[in-house]
Each structure stands twice: as structure tokens, then as C-alpha cells.
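# Examination of the molecular architecture
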Amino acid sequence: AQKVTQAQTEISVVEKEDVTLDCVYETRDTTYYLFWYKQPPSGELVFLIRRNSFDEQNEISGRYSWNFQKSTSSFNFTITASQVVDSAVYFCALRYNAGNMLTFGGGTRLMVKP
Amino acid sequence: SAVISQKPSRDICQRGTSLTIQCQVDSQVTMMFWYRQQPGQSLTLIATANQGSEATYESGFVIDKFPISRPNLTFSTLTVSNMSPEDSSIYLCSVVNYEQYFGPGTRLTVT
């Protein structure tokens, strides 16, 4: 069985602060994929990143960075110098190799205040 | 990437009625997925729709309640039948085209 846990249901920061969103996953598969999505108030789900289980290299994209650690089954997401436009619900998700179904975490609501 | 459109974007429906949601993709894809997001909740997979075969439903979802059509490789519909207020949710279609993309969602309110 697969499971994704986002322990932080809600985070509030002030603009320009750095913030890390935690994601812990469980799977018995050796090959799997991890995703992060952003859901702004408008409701659409915006793809941010996909990571393969065999690639533990950290990724940086502008103000966003991701830390993938198989040893702790975590795939954490950091926003540097947060902005009000980063306010959204962020979902971590897991997909195993043999299928295409995504298992989502419960989501973390990030509120960035000016 | 894949560009996905959904119709309608939102609707308010009376209990006992049915609503059909359309999902159109700008490229041919083998599998399309339908997810439900209840208010304040995460996303749950309803079913997987393959072209030319019956949809595969997840536990807790049945064909009579959520019939799905997949007439070709770029289009699918999901019907929410005999609606009740508990069906008020955002319904999203999704495709895998190297990455996994989601449509803009259909926000359904049942009164």
C-alpha cells in the first residue's frame, strides 16, 4: 500500500521568509515517482516537479527547491523568499512504476502575508 | 505538456439530477483519469478511463453513480448521477503525457 503524509495542514509566513513543506511517503515499490502540485484559490492543479526514485539529486528551480531523501522517505519542498502569490495549497503525490494512479497527501495550505 | 479543458467550469444542480462533465485534451493519450476533491480535502481517484474498454473504478466508486465514456484518445466524459449534496466537489480529469497533468476542474454544488 502507498501512503503520502503531509503533516503540516497549514503554514503562515510573512513575505520574504523561507518556508519548507514536508512530505513523507510509504511504498513497497523500488521504482516510483514523487510529485508536487500547487493549487491556488482558483482551483486548478499546477504541476511543479516530478522526481524518480532512482534520482536523489536535489532540484532547484528559481525560488523553489526540493530535497529528496530515500533514507527517510521524504521529499520536502522549500520556497525561498516567499511571496504573496505563493499562497496556495500544495500537494505531494506518489505514483508507482507499474501504474499511473497518483496517491495524494492531505495537502498543506500556505499563507504568505505581506 | 498537455493542455486539458473541462466543461462546465462550475455548476449548481438540484439533488436527484445528473451532470455530465467533459474533458478534452490537446493530444492523444492512452489513459485518462477522473479525480474528486471534496471541500477542504485532498484528491481521490474515481476511475481510470481507457479508450475502447470499460473504465476501472476505485474502491467506493461505482459505474451506476459515475458512468464514464471514452470515445476516443482525446476526450472523456464523467457523469455524476442522481446527485446529492455529498457530491458537491471539484471534479478533475488528468492525463499522463510524460508528466501528469490536470484539467482546470469542474466545481459542482448540489443543493
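Residues numbered from 1 in each chain as written. Chains lettered and ligands numbered in written order. Predicted model: local features only at pLDDT ≥ 70, side-chain atom pairs only at ≥ 80, totals over all residues. Heavy atoms only, no water.

Right, let's talk about the packing of aromatic side chains for a bit. The tally for this structure, following the rule as stated, stands at 20 aromatic pairs over all chains. The interplanar angle of 15° and the centroid separation of 6.0 Å between the aromatic rings of A:Phe35 and A:Tyr37 together place this pair among those described as stacked. Take A:Phe35 and A:Tyr37: they sit in the same class, and that class is buried. With a centroid separation of 6.0 Å and 45° between ring planes, the pair formed by A:Tyr37 and A:Phe104 is classed as tilted. Note that A:Tyr37 is positioned in strand E5 (residues 32–39) and A:Phe104 in strand E11 (residues 103–104), a separation of 67 residues in sequence. An identical accessibility class is assigned to A:Tyr37 and A:Phe104; each is buried. Linked through ring pairs, A:Phe35, A:Tyr37, A:Phe47, A:Phe91, A:Phe104, B:Tyr35, B:Tyr101 and B:Phe102 together constitute an aromatic cluster. Just above the ring of A:Tyr33 sits the side chain of A:Arg95; from NZ or CZ to the centre is 5.1 Å. (Phe/Tyr/Trp six-rings, centres within 6.5 Å; stacked < 30°, edge-to-face > 60°. Buried < 20%, exposed > 50% of the residue type's maximum accessible area, 1.4 Å probe, protein only. Helix = DSSP H or I, 4+ residues; strand = E, 2+ residues; numbered from the N terminus. Lys NZ or Arg CZ within 6 Å of the ring centre and 35° of its normal.)

Right, let's get into unusual backbone geometry. Among all residues save glycine, negative phi is the norm, and among peptide bonds the norm is trans. B:Lys7 connects to B:Pro8 through a cis peptide bond whose omega is -10°. Summarising the element assignment, B:Pro8 is placed in the loop between strand E1 (4–7) and strand E2 (10–13). In this model, A:Lys16 sits at a positive phi of 85°, which is unusual for a non-glycine residue. Along the polypeptide, A:Lys16 turns up in the loop between strand E2 (10–14) and strand E3 (19–21). In this structure A:Lys16 comes out as exposed when scored by relative accessible area, which is 69%. Although it is not a glycine, A:Ser73 adopts a positive phi angle of roughly 50°. Positionally, A:Ser73 belongs in the loop between strand E8 (64–69) and strand E9 (74–79).

Bringing the nonpolar core into the picture now. Residues and elements named next belong to chain B. Counting residues in each nonpolar core, the largest one holds 27 residues, and the members touching the most others are Trp34, Ile46, Phe66, Ile68, Leu78, Tyr91 and Leu108. If you list the elements that add at least two residues to this core, you get strand E3 (19–25), strand E4 (31–37), strand E5 (43–50), strand E8 (75–80), strand E9 (89–97) and strand E11 (106–110). If one sorts the elements of this core by residue count, E3 sits on top with four residues. In this structure, Leu108 is in contact with Asp11, Cys13, Leu19, Val80, Met83, Asp87, Ser88, Ser89 and Tyr91, ignoring residues within four places of it in sequence. (Core = buried A, V, L, I, M, F, W, Y, C linked by side-chain atoms within 4.5 Å. Contact = heavy atoms within 4.5 Å.)

Time to look at the side chain of A:Ser53. Residue and element names in this part refer to chain A. Along the chain, Ser53 turns up in the loop between strand E6 (46–52) and strand E7 (59–61). Assessed through its relative accessible area of 1%, Ser53 is described here as buried. At 3.1 Å, the side chain of Ser53 forms a polar contact with the backbone oxygen of Thr30. With residues near it in sequence (within four places) discarded, Ser53 still touches Thr30, Thr31, Tyr32, Phe68 and Lys70. (Polar contact = N/O pair within 3.5 Å; in protein donor to acceptor, adjacent residues only side chain to side chain.)

Neighbouring strands of a sheet are bound in pairs by backbone hydrogen bonds; such pairs are parallel or else antiparallel. Residues and elements named next belong to chain B. Ordered in space as E1-E3-E8-E7, the four strands form an open sheet in which the pairing is antiparallel. Strand pairing shows two members of the sheet lacking a second neighbour, E1 and strand E7 (68–72), which therefore form its edges. The mean angle between the axes of side-by-side strands here comes to 15°, regardless of whether they run parallel or antiparallel. As paired elements, E7 and E8 share three bridges and run antiparallel to each other. (Pairing = 2+ DSSP bridges. Axes fitted to C-alpha atoms, helices over the stretch in contact; angles between N-to-C directions.)

Residue and element names in this part refer to chain A. Here Ile49 is to be found in strand E6. Expressed as a C-alpha distance, the spacing of Ile49 and Leu34, which sit 15 residues apart in the sequence, is 8.0 Å. Every residue in contact with Ile49, bar those within four places of it in the chain, is listed here: Leu34, Phe35, Trp36, Glu59, Trp66 and Phe75.

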